Amino acid sequence: MGSRSRGGRGSSSLVPLLSLLLLSLHCSSAVVSAAGGGGSDEPYVGVTIGTAVTNLLSPSDLADFLRAQHITRVRLYDADPRLLSALASSGARAIVGVPNDELLALGSSPATASAWVARRVLPFAGANATSPNLISAIAVGDEVPTALPSALPVLLPAIRSLAAALAAANLSSIPVSTPLPFSVVLDPFPPSQAFFNQSLAKSFILPLLAHLANTSAPLMLNLYPYYSLMQSNGVIPLENALFRPLPPSLEMVDPNTLLHYTNVFDAMLDAVHVAVKNLNATAVPVLVTESGWPSYGDRRTEPYATKDNADTYNSNLIKHVMDKPGTPMRPGAQASVYIYELFNEDLRPGPVSEANWGLFYGNGTPVYLLHVSGAGGFLGNDTTDRTFCVASDDADEKAVQAAMDWACGPGRADCTAIQPGEACYMPNDVRSHASYAFDAYYQSQGRASGSCYFQGAGMVTTTDPSHDSCVFPGSKLLSNVTKSGGANNTTTPTSDAEGSAIWRLRTGREKGFLLFLRLLLSVMAVIVIDSNFWT
């Protein structure tokens, strides 16, 4: 997500588009929505892992965390050897990334690409690797057409060089592709008339698709219905962006195909299908390398960034993929998806929402409670049966204090964590301390009926009240966070000779180098990417 395009000028074109005369369009597409990126025939849901996180879990703790959450597919934005070594024991498969600032070297020298494969891939995928199936794909760059357009001339050469290096190492089964922003697709609604930006279509996208087809690699795309909603000026119903059902009369209908679209996500995929078909390209699978929803944002400018909406979108997205409906144009051909993202990256600059896309806080506690029962066991953070006890907002403070005194005294709740210097001492106020004490008692009683009453001072909630390094007793993740002696004991590794860019800020943050790269390549390409309604 690090460099997503956020243009919105195309939203004004929706009404004229819907008034166009009906045109005939064959629904067969040159893009096959499928799992991609790892040879699986079944669609799956994975998560992306960014590392601009305060007190990020160590690689070994992160591997344990993934196991606890039943996460078996991850996308990394680098190929850090220590993290890959830890993941090798977790059972997960990983897309490893090549940061944008490495494209020039890899695209200019096949020898450099071969050395990169030898150093970053062979130890984890070669014949002598302990977990030869760990690496599922290589993602070269991230949203380069919008994040670093001056590097576009070296992007395809870098992809080709890395693919050739993998083939030379008998690893041609590892596909190599590049995650593209959806903004490369213009006029995406109705989907039947979508097309690629003409400045990119023949010079970059068509040869890219040909290479992907020749190497059995997927077309990687980052799709965000959230931004489509934000930029639609009220045209898109919130329910449509969140996979919530609408009456048939309110569903989006493509006037050219008469296909009904019950959600924005499928409409975006079908727009890609048509754009590729219009280039007469060979069929390639689609892999959605990022999609998600922020849980918090600026109240005035980002009103849809809420925990409820994030829970609804991500929970419904997981169910949608697992149900395998495909899209209206390609029923049954379901694309696999990586949810952006595992942790809130609190160190990311930009709008408030930039730091609030994660399913979990950096200490491993859930940001909100996903409802994904029946979705193949994905995410141990299925929270349909999880409840906590906290101080009621309406209760008198004296009553809250008295109830807390009882819980920590006669009630024998473990209130150690709210003592001075402990993880839950701050904020130092009655309601915060009482909430922890109430939950400690409630959980010790097996969440029995009446154990959260406290003479009206307590209330049951499904929202995990854990915060920062303070993990409430009711969090299922308590053992994962404290097994090394507390969340604050986790350390962030420093970089070594092998390179540890995954522990730095992600793509596009090494500003000095990027400015130099932009200057160096500015004479090589001028790419104009028009923002559009579905971006």
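Keep in mind the model is a prediction, meaning the values are calculated, not measured.

Undergrad: Is there a simple way to explain the packing of aromatic side chains in this structure?
TA: In this description, an aromatic ring pair is defined by two values, namely the gap between the centres and the angle between the planes. Counted according to the given criterion, the structure contains 19 aromatic pairs. Consider the rings of Phe65 and Phe360, whose centres lie 4.9 Å apart with planes at 85°: the pair is edge-to-face. One end of the pair, Phe65, is in helix α2 (residues 59–68); the other, Phe360, is in the loop between β14 (336–339) and β15 (388–391), with 295 residues separating them in the sequence. The exposure class assigned to Phe65 is buried, which follows from its relative accessible area of 2%. With relative accessibility at 0%, the residue Phe360 sits in the buried group. A centroid spacing of 5.2 Å and a plane angle of 70° characterise the contact between Tyr226 and Tyr227, whose relative ring orientation is edge-to-face. When sorted by exposure, Tyr226 lands in the same class as Tyr227, which is buried.

Undergrad: Would you mind showing me how to read the side chain of Thr289 here?
TA: Inspection of the secondary structure puts Thr289 in strand β13 (residues 284–291). Polar side-chain contacts of Thr289 include one of 2.6 Å to the side chain of Asn222.

Undergrad: Could you clarify how one ought to interpret the state of the cysteines in this entry?
TA: Covalently bonding the sulfur atom of one cysteine to the sulfur atom of another cysteine gives a disulfide. Scanning all chains against the criterion turns up three disulfides. In this model Cys389 forms its disulfide with Cys452; the gap between the sulfur atoms is 1.9 Å. A torsion of 90° about the S-S bond marks the disulfide between Cys389 and Cys452 as right-handed. Placement of the pair is Cys389 in strand β15 and Cys452 in the loop between α15 (430–444) and β16 (458–461), with a sequence separation of 63 residues. Side by side, Cys389 and Cys452 carry an identical accessibility label, which is buried. Paired by a disulfide, Cys424 and Cys470 hold their sulfur atoms 1.9 Å apart. Handedness here is read from the sign of the S-S torsion; for Cys424 and Cys470, about 100°, the answer is right-handed. Within this pair, whereas Cys424 is found in the loop between α14 (397–408) and α15, its partner Cys470 is found in the loop between β16 and α16 (478–482), the two being separated by 46 residues in sequence. Taking the relative accessible area as the measure of exposure, Cys424 reaches 5% and is therefore buried. Cys470 gets classed as buried once you look at its relative accessible area, which sits at 1%. When the bonded cysteines of the protein are counted from the start of the sequence, the pairing works out to 1-5, 2-3, 4-6.

Undergrad: What exactly am I supposed to notice about the packing of α14 against α15 here?
TA: In the contact formed by α14 and α15, the axes pass within 9 Å of each other and the chain directions differ by 40°. Between α14 and α15, the angle falls in the class oblique. Handedness of the α14/α15 crossing: left-handed. Where α14 approaches α15, its residues Glu397, Val400, Gln401, Ala403, Met404, Trp406, Ala407 and Cys408 are matched on the opposing element by Val430, Arg431, His433, Ala434, Ala437, Phe438 and Tyr441. Among the residues making up the contact of α14 with α15, the classes are represented as eleven nonpolar, two polar and two charged.

Undergrad: Would you mind showing me how to read unusual backbone geometry here?
TA: Excluding glycine, most residues fall at negative phi; most peptide bonds, likewise, are trans. The linkage connecting Phe189 with the following residue, Pro190, adopts the cis geometry, with an omega of 0°. With respect to the element layout, Pro190 can be found in the loop between β8 (185–186) and β9 (195–196). In this chain, Tyr340 is followed by Glu341 through a cis amide linkage whose omega measures 10°. Note on placement: Glu341 falls in the loop between β14 and β15. The backbone of Asp468 shows a phi angle near 45°, a positive value even though the residue is not glycine. Of note, Asp468 is situated in the loop between β16 and α16. For Asp468, a relative accessible area of 63% gives the class exposed.

Cut-off values and rules
Residues numbered from 1 in each chain as written. Predicted model: local features only at pLDDT ≥ 70, side-chain atom pairs only at ≥ 80, totals over all residues. Heavy atoms only, no water. Phe/Tyr/Trp six-rings, centres within 6.5 Å; stacked < 30°, edge-to-face > 60°. Helix = DSSP H or I, 4+ residues; strand = E, 2+ residues; numbered from the N terminus. Buried < 20%, exposed > 50% of the residue type's maximum accessible area, 1.4 Å probe, protein only. Polar contact = N/O pair within 3.5 Å; in protein donor to acceptor, adjacent residues only side chain to side chain. Disulfide = S-S within 2.5 Å. Axes fitted to C-alpha atoms, helices over the stretch in contact; angles between N-to-C directions. Parallel < 35°, antiparallel > 145°, perpendicular 65-115°, else oblique. Left-handed = near helix turned anticlockwise from the far one by under 90°. Contact = heavy atoms within 4.5 Å. Nonpolar A, V, L, I, M, F, W, Y, C, P; charged D, E, K, R; others polar.

As far as function goes, none of this settles anything; it's purely spatial.
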